[in-house]
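Residue-level structural notes
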Amino acid sequence: SGKTKAVFRDLLVGDVWLCSGQSNMYFRLKEAKGGKEAAEVATPPAIRILKVEPRWSRAPILTLDRKWEAVTPQNAPMLGAVSVFLARDLHARQGIPIGIIDSSKSGAKIEGFTDPAAFHSISGLADTTNWADREIVRMAMLPPGERGGDLSRQPALIFNAMIHPLGPLTIKGVVWYQGEGNH
């Protein structure tokens, strides 16, 4: 009975996977061994990538200004190698559409990807929790625009900008690849 009409085109229904982490997950296909050849291989049209650009925020962001895109020979070289290979493998094995969210940031520590409440949920992280609480309060008191240190190594800033906005999505699984940022 309404006058508004919604039309959806090129809509897929399948599994969505979150690929996140530090430099190893951020590592681009063009830099991988055989990556140039892999980028040129046709990717099934039932695979989509949502690339979350690296950014930070002191407060949780609610939405992303990004769109799902098909993997093409033009954009594949700049996509995460692990993300592209995972999507192709999952699609080949399961035969269903696969969406990959690449929300990775090179040079970051895991604390930056962590929800502040999560620090308090693990009793063995008391020192890290105390540090994170102090840093979050310190950063909240900085004037707008002032960085206050290496943002990739501060707690919760990456979570607020790159993970929190994904909350409304249904995610089948998470692949985390950290590398050497935390020892």
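A short tour of the structure in this document, coming up. (Residues numbered from 1 in each chain as written. Predicted model: local features only at pLDDT ≥ 70, side-chain atom pairs only at ≥ 80, totals over all residues. Heavy atoms only, no water.)

Describing the sheet that holds strand β5 (residues 173-177)
Defined as follows: When DSSP finds two or more bridges between two strands, those strands count as paired. Put simply, DSSP H or I for four residues or longer makes a helix, DSSP E for two residues or longer makes a strand, and each gets a number counted from the N terminus. Contact between two residues is taken to exist if any of their heavy atoms lie within 4.5 Å; hydrogens are not considered. Fitted lines through C-alpha atoms give the axes, limited to the stretch in contact for helices. The angle between two N-to-C directions lies from 0 to 180 degrees.
The five strands are arranged β3-β2-β4-β1-β5 in an open sheet whose pairing can be described as mixed. Strands with a single pairing partner mark the edges of an open sheet, and in this sheet they are β3 (69-70) and β5. In the sheet, strand β2 (residues 47-51) pairs with β3 via two bridges, with the strands oriented antiparallel. Of the residues in β3, the one forming a bridge with R48 is A70. Each of β1 (15-21), β2, β4 (98-104) and β5 touches helix α3 (residues 81-94); the most contacted strand, β4, lies at about 160° to it.

Regarding the pairing of β2
Put simply, the rule reads: Exposure is judged per residue with a 1.4 Å probe applied to protein chains only, and the accessible area is read against the type maximum: over 50% gives exposed, under 20% gives buried, and values in between give partly exposed.
Taking burial as the measure, the five residues of β2 include five buried ones, the bulk of the element. Because side chains alternate across β2, one face comprises the buried residues I47, I49 and K51, and the other comprises R48 and L50, equally buried. Sheet analysis places β2 next to β4, joined by five bridges and oriented parallel. Directly across from R48, in β4, lies its bridge partner G99.

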